[in-house]
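Coordinate inspection notes
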Amino acid sequence: MNIIGKRYWFFGLSLLIIIPGLIALALGGLKPSIDFTGGTMLEVQFQSGKTPTIDAVRAALADITVASTDEKLENIQLQTLGVDGLVLRMQPIDQTTIDKILATLGETFGGVTLNMADNVGASVGGEVAQRAAGAVALAAVAIALYVWFAFRKLPHASRYGIAAVASLVHDVLVLIGLEGILGLVFGWEADSLFLTAVLTVIGFSVHDTIVVFDRIRENRAKYRNAGFEKVVNHSIVQTLDRSINTTLTVLFTLLALALFGGATTRHFIIILLIGMASGAYSSIFNAAAILVVWENREWEKWFSGLRRSSNA
Amino acid sequence: MSRYVTWVIVLIMILAIMVVNIPKNMKIAGQETRIRQGLDLQGGQQVLLEADLPAGQNVPAESMRVAAQVIENRVNALGVSEAVVQLSLPRRIVVELPGYDNPEEARKLIQNTGLLEFVETQYRIEDQTKIETDYLAPGVTAADATTAANLIFTPVFTPTRTPTNTPLPSPTMSFLEFATSEAATPGAATGPEVTQAPDRTAVPGVRYHTIMTGADLQSAVVGRDAANKPSVNFVLSSNGSNAFAAYTQNHVGWYLAIVLDKVVISCPVIHEAILGGSGTISGNFTNSEANQLAILLTYGAMPVPLKVIREQTVGPTLGQDSLRRSLIAGAIGLMAVVLFMLLYYRLPGVLADVALLLYALTSLTIYRLIPVTFTLPGIAGFILSVGMAVDANVLIFERMKEELRSGRPLREAVETGFSRAWPSIRDSNFSTLITCAILFWFGGTFGASIVKGFAVTLSVGVLVSMFTAILVTRNLLHLVLDRIDFSERHSWFGIAEETPSTTESAG
């Protein structure tokens with residue numbers, strides 16, 4: 001099996017997934033939730049079979065005013081959840097207004113239960129968004145340094161760290177892009193659980209990458225005379241069974257959670273599921289391939305056709 | 001080696017006994033569970049508070065600590081079990097009220113500055129005793145209530161504190177003194193425990209008379225008494241000094257209980273009449289005790305103004321339904337993993353499944369011991385870490401298979417499998433621990449116990465999985481495999497006899 005030989009095909013496949021995602025991002029698909037922007041979210045449940053249409057709810061809430069300012073409550077976003085559930089999102093409002101909304105819904109559509117209310121001040125939201133970006137950046141740097149340290153005895157140890165981070169940047173791009181697409185199609189919002197999923201995937205993806213790198217470490221010592229490309233390919237093939245089996249066991253459990261678990265965490269689980277698959281893919285097909293590209297200094301060839309002396 | 005095996009067996013038994021004890025208390029759809037459930041599971045309320053001071057202003061850590069303590073006392077008095085009040089310095093406090101579902105009440109409870117009362121009593125009441133007073137109590141006549149209404153201690157409306165109405169403090173200082181030596185520990189004023197038992201020395205059912213409230217206290221500062229010991233000097237408003245004078249004149253030798261939110265924080269004896277509107281509370285105070293009492297007297301309970309910056313309420317039904325579904329889903333997922341290991345790796349797979357069982361038992365026990373608060377993502381974290389526990393075994397077994405295929409004897413193959421797989425297990429798990437630490441930090445900054453719960457369960461899982469995969473599986477493999485002649489039992493290992501193929505059916 002020659003995986004490294006087809007490396008540009010695999011890079012291409014990654015781009016095929018990442019580019020539409022980036023387009024979705026450019027179209028504003030990634031919608032930050034109130035965790036990051038501040039706002040109020042209400043999750044209500046109607047009595048079985050009495051769930052109104054979104055338009056009916058919108059009409060019912062048209063006259064609600066915000067208690068503190070006496071202005072009309074505008075821009076309520078509505079989204080169905082599960083069978084009889086409905087999620088309402090809006091600007092940050094006070095408890096009196098929340099009670100007003102619930103009372104109105106209850107009167108208009110029969111009994112309504114409040115499953116969850118979340119009220120986030122705008123300032124704390126902005127801070128969370130900042131910390132979130134910091135958390136991802138910190139994770140990337142910490143992992144690059146750790147991998148570098150773990151492979152310090154190999155020539156060009158820093159390359160391993162950077163390749164590992166490159167493959168996790170791949171996974172982050174896949175996830176954010178897909179979240180963007182799902183945001184456009186289903187109105188999904190990126191909340192702090194989405195970020196948790198991204199960071200978890202980062203951890204797992206590096207997990208897989210290290211297993212492959214570890215085999216390269218071992219094989220380089222074993223086959224001192226073989227070419228780097230050959231050693232890398234051999235290492236990937238040797239660890240392929242393990243990579244696939246581990247990913248399968250994780251995917252089994254996540255799939256069970258996605259299918260049978262509650263609606264609350266489904267979004268989180270699906271993001272984890274996609275991320276785990278992406279992490280396994282990037283570890284098998286991209287991470288080590290980057291090492292080969294680097295070793296051969298292949299970028300010099302990319303631009304030779306263009307005769308750009310500045311890149312030579 | 002047999003020493004290790006015995007050891008592992010004993011461990012399995014201990015863990016099994018510990019976990020078997022859970023079902024007594026664990027009603028999955030009910031409420032009782034020894035493993036703590038997060039808000040998303042049992043419903044409840046989370047409030048994130050921030051010091052309501054200008055952004056640049058330094059918030060003293062001591063004040064925040066006192067504020068958190070006061071909130072904790074009130075929350076405990078509310079009777080919410082497993083309530084959590086967490087200080088997140090420099091300027092935040094996270095309050096979690098599991099199973100509590102009344103946003104309005106909770107907000108009042110937390111933000112209220114507290115009701116400070118001065119209460120008439122003939123006998124000493126011990127600190128931290130909960131008492132009833134007649135201040136705005138049901139049954140008090142409207143006339144009484146109107147006079148009392150002026151005395152309500154609220155931080156926002158404090159019209160009573162107009163200094164123009166106040167006569168100059170008399171130069172004669174009067175004394176309140178502590179009568180007994182135990183009374184000389186007023187530092188317990190903001191102490192952690194509020195006694196649930198209603199009375200210690202207070203007579204049950206007695207409604208004490210409130211002479212005045214904290215609104216009539218103009219200031220309280222730390223000073224020195226005649227013996228040059230720390231004391232608290234206070235100044236009263238005109239309203240207050242009249243009430244005070246009237247009471248102290250006729251009750252020398254009696255006590256004056258200082259009561260915060262119906263809990264006695266100090267009970268000095270009246271040494272002489274206080275007529276001039278100012279006085280001193282002295283006792284065997286340390287500096288910080290006197291300081292604490294002065295803060296309490298001046299600000300009521302809350303040494304810093306707090307505002308709610310995030311509030312989350314979860315209804316009780318949603319969580320229980322989610323929990324049930326997640327547990328079912330988790331069980332199905334685990335069954336799939338167990339079956340997969342069994343079908344793909346055969347005999348070693350069975351042993352890995354045993355190790356997995358031990359892994360699950362150990363993790364659950366540790367979750368109970370820490371204790372870890374279980375949340376929905378936390379359960380997902382646990383289930384994910386099962387995947388990780390399996391991964392260590394998969395790494396080892398794949399390695400073992402390679403060695404077997406290259407013709408090594410079984411015993412040697414097992415050892416090589418372990419020693420070769422170890423560096424990848426170590427390095428890869430360590431990288432996951434790094435991300436867990438970052439997640440924990442991220443979750444901690446804005447009180448996201450859900451994110452934190454996930455990080456904790458996942459990291460416990462990773463650590464335990466390293467232990468079970470290395471120590472337990474290894475010993476089990478030796479115990480079973482050392483007695484087997486591999487040359488006759490290829491199929492037990494999922495290895496074809498003649499054609500070494502890696503693309504075997506995945507079950």
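Residues numbered from 1 in each chain as written. Chains lettered and ligands numbered in written order. Predicted model: local features only at pLDDT ≥ 70, side-chain atom pairs only at ≥ 80, totals over all residues.

The next subject is the overall build of chain A. Along chain A, the regular secondary structure elements total 10 helices and six strands. Radius of gyration (C-alpha) of chain A: 24 Å, far over the 20 Å computed for a compact globule of 312 residues. Dimensions of chain A, computed from the C-alpha atoms along their principal axes, are close to 80 × 45 × 35 Å. Counting across all 312 residues of chain A, residues that qualify as buried make up 47%. (Helix = DSSP H or I, 4+ residues; strand = E, 2+ residues; numbered from the N terminus. Rg over C-alpha atoms; globule rule 2.2 N^0.38 Å. Buried ≥ 20, exposed ≤ 12 C-beta atoms within 10 Å, placed from the backbone.)

Helix and strand counts for chain B stand at 12 helices and 15 strands. Look at the contacts in chain B between residues 6 or more apart in sequence, and 79% of them connect residues 24 or more apart. (Contact = placed C-beta atoms within 7 Å.)

We now examine the sheet that holds strand β2 (residues 84–88) of chain B. Paired through their backbone hydrogen bonds, the strands of a sheet run either parallel or antiparallel. What the eight strands build is an open sheet, ordered β3(A)-β4(A)-β2(A)-β5(A)-β15(B)-β1(B)-β3(B)-β2(B); its pairing is antiparallel. This sheet does not close on itself; its edge strands, each paired only once, are β3 (77–81) of chain A together with β2 of chain B. With direction set aside, neighbouring strand axes in the sheet form an average angle of 20 degrees. In this structure, strand β1 (residues 44–51) of chain B lies alongside strand β3 (residues 92–98) of chain B, joined through seven bridges in antiparallel fashion. Opposite Gln45(B), over in β3(B), you have Leu97(B) as the bridge partner. (Pairing = 2+ DSSP bridges. Axes fitted to C-alpha atoms, helices over the stretch in contact; angles between N-to-C directions.)

Compared with the 45 Å implied by 1.5 Å per residue over 31 residues, the 45 Å span of helix α7 (residues 192–222) of chain A between its first and last C-alpha is a close match. Burial of α7(A) is extensive: 26 of the 31 residues sit out of reach of the surface. (Expected span 1.5 Å × (residues − 1).)

Frequently, the measure chosen for interface size is the accessible area that the parts lose on association. The interface is formed by 59 residues belonging to chain B together with 54 residues belonging to chain A. When residues in the side of chain B that touches chain A are grouped by element, the largest group, 16 residues, is from helix α9 (residues 316–369) of chain B. For the side of chain B that touches chain A, the residue count by class is 33 nonpolar, 16 polar and 10 charged. Alignment of strand β5 (residues 112–120) of chain A against strand β15 (residues 306–314) of chain B, held across five bridges, turns out to be antiparallel. (Nonpolar A, V, L, I, M, F, W, Y, C, P; charged D, E, K, R; others polar.)

It is worth spelling out the pairing of strand β4 (residues 116–121) of chain B at this point. All names here are of chain B. β4 sits mainly inside the fold: five of its six residues count as buried. As paired strands, β4 and strand β8 (residues 210–213) are joined by three bridges and run antiparallel to one another. Looking at the pairing, valine 119 lines up with threonine 210 of β8.

Residues and elements named next belong to chain B. Overall, the prediction assigns chain B a mean pLDDT of 71, with 70% of residues at 70 or greater. Per-element confidence in chain B is highest for strand β10 (residues 230–236), whose mean pLDDT is 85, and lowest for helix α6 (residues 142–149), whose mean pLDDT is 35. Note on residues 26–33: pLDDT under 50 across the span, and 12 contacts to partners over four residues away in sequence or across chains. Of the regions scoring below 50 in pLDDT, residues 498–507 engages in 10 contacts with residues more than four places distant in sequence or in other chains. Interface confidence in the predicted complex, given as ipTM, is 0.79; pTM for the same model is 0.70. (pLDDT = per-residue confidence, 0-100.)

Now for the packing of helix α5 (residues 122–150) of chain A against helix α6 (residues 157–186) of chain A. Residues and elements named next belong to chain A. Where α5 contacts α6, the two axes come as close as 7 Å, and the packing angle between them is 150 degrees. α6 is crossed by α5, and the crossing has right-handed handedness. Across the interface between the two elements, Val136, Ala140, Ile143, Ala144, Leu145, Val147 and Trp148 from α5 touch Ala157, Ser158, Tyr160, Gly161, Ile162, Ala164, Val165, Leu168 and Val172 from α6. Residue classes in the contact of α5 with α6 are distributed as 14 nonpolar, two polar and no charged. (Left-handed = near helix turned anticlockwise from the far one by under 90°.)

On to the packing of α6(A) against helix α9 (residues 266–295) of chain A, then. Residues and elements named next belong to chain A. One way to put it is that α6 packs onto α9 with a least axis distance of 8 Å and a crossing angle of 145 degrees. Of the two possible hands of crossing, α6 and α9 adopt the one that is right-handed. Contacts from Arg159, Tyr160, Ala163, Ala164, Ala166, Ser167, His170, Asp171, Val174, Leu175, Leu178 and Glu179 in α6 reach Ile271, Ile274, Gly275, Ser278, Gly279, Ser282, Ser283, Asn286, Ala287, Ile290, Leu291 and Trp294 in α9. Considering only residue class, the contact of α6 with α9 consists of 13 nonpolar, eight polar and three charged.

The next thing to look at is the nonpolar core. By size, the foremost hydrophobic cluster in this structure holds 209 residues, and its most contacted members are Ile143(A), Ala164(A), Ile93(B) and Val95(B). The residues touching Val95(B), leaving out its near neighbours within four places in the chain, are Gln46(B), Val47(B), Leu49(B), Ile71(B), Val75(B), Val85(B) and Ile110(B). (Core = buried A, V, L, I, M, F, W, Y, C linked by C-beta atoms within 7 Å.)

Here the focus is the domain arrangement of chain A. You can read the domains of chain A as domain 1 (4–33 + 124–299) and domain 2 (39–119). Centre-to-centre, using C-alpha coordinates, domain 1 of chain A lies 39 Å away from domain 2 of chain A. (Domains from an automatic or database assignment.)

On to the confidence of the model for chain A, then. Overall, the predicted model of chain A reaches an average pLDDT of 85, with 97% of residues at or above 70. Across chain A, the element-wise mean pLDDT spans from 78 in helix α10 (residues 299–304) of chain A up to 93 in helix α1 (residues 7–26) of chain A.

Here we come to unusual backbone geometry. Positioned with a positive phi, His156(A) is a non-glycine residue whose angle comes to about 60 degrees. Within the secondary structure, His156(A) sits in the loop between α5 and α6.

Residue and element names in this part refer to chain B. Structurally, methionine 212 is set in strand β8. Look at methionine 212 and you get buried, because 24 C-beta atoms sit within 10 Å. Distance in space between the C-alpha atoms of methionine 212 and arginine 324 is 53 Å, their sequence separation being 112 residues.

Right, let's talk about the environment of Leu178(A) for a bit. Residues and elements named next belong to chain A. Inspection of the secondary structure assignment puts leucine 178 in helix α6. Take leucine 178: there are 22 C-beta atoms within 10 Å of it, and that puts it in the buried class. When the C-alpha positions of leucine 178 and phenylalanine 285 are compared, they lie 20 Å apart, and in sequence the two are 107 residues distant. If near-sequence neighbours (up to four positions away) are discounted, leucine 178 is found in contact with Gly21 and Ile274.

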